[in-house]
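Fold and geometry: a report
Residues per chain are reported as follows:
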Amino acid sequence: MATIFSRIVKGEIPCYKVAETADFLAFLDVNPVALGHTLVIPKQEIDYLFDLPDDLYIGLNVFSREVAHALKQAVPCVKIGTCVIGLEVPHAHMHLIPINKLEDMRFDKPKLQFPAEEMQALAAKIGSYIAR
């Protein structure tokens, strides 16, 4: 059975798309821990990050860096934190989270909610900083 991320890649489930290439997709997390919380995935469904073939592993990191630079321009913050947990969805992915303090990376705090229009505008704003 396809993961929720594979269904997003196929267009079966909508997302707030930030950036996309032939191999990777970045979109806003619908249950963010911070404004701008973005997920970056390979389109190929592989559960464990460290099982990715070298080209996808390296490509995912390069793509994530591009997205992180754009995210930092779009959402004022000290840094973009990265996190790989990999237990909640069996599809390799990285969390990119704008942070100003360590607590901004806590996943056990209540998730934030933003109106759809705000999420769409933010995804477009982040995407506008990516040179493609």
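Look up: the structure comes first, before these words.
Read on for a plain summary of the structure. Keep in mind the model is a prediction, meaning the values are calculated, not measured. (Residues numbered from 1 in each chain as written. Predicted model: local features only at pLDDT ≥ 70, side-chain atom pairs only at ≥ 80, totals over all residues. Heavy atoms only, no water.)

Description of the nonpolar core
Core analysis: the largest hydrophobic core is formed by 28 residues, its most contacted members being Val18, Val67 and Ile126. At the level of elements, strand E1 (17-20), strand E2 (24-28), helix H2 (54-74), strand E5 (94-99) and helix H3 (116-128) are the ones that each hand at least two residues to this core. Sort the elements by how many residues they give to this core and H2 lands first, with eight residues. By size, the runner-up hydrophobic cluster in this structure holds seven residues, among which are Ile8, Leu25, Phe27 and Ile41. (Core = buried A, V, L, I, M, F, W, Y, C linked by side-chain atoms within 4.5 Å. Buried < 20%, exposed > 50% of the residue type's maximum accessible area, 1.4 Å probe, protein only. Helix = DSSP H or I, 4+ residues; strand = E, 2+ residues; numbered from the N terminus.)

As for the packing of aromatic side chains
Counted according to the given criterion, the structure contains four aromatic pairs. Seen from their ring centres, phenylalanine 24 and phenylalanine 63 are 5.7 Å apart, and the 25° between their planes marks the pair as stacked. Taken together, the positions of phenylalanine 24 in strand E2 and phenylalanine 63 in helix H2 put the pair 39 residues apart, joining distant regions of the chain. On the accessibility criterion, phenylalanine 24 (7% relative accessible area) is buried. Phenylalanine 63 gets classed as buried once you look at its relative accessible area, which sits at 3%. Ring geometry for phenylalanine 50 versus tyrosine 57: centroids 5.9 Å apart, planes at 45°, classification tilted. Taken together through their ring pairs, the aromatic side chains of Tyr48, Phe50 and Tyr57 make up a single cluster. (Phe/Tyr/Trp six-rings, centres within 6.5 Å; stacked < 30°, edge-to-face > 60°.)

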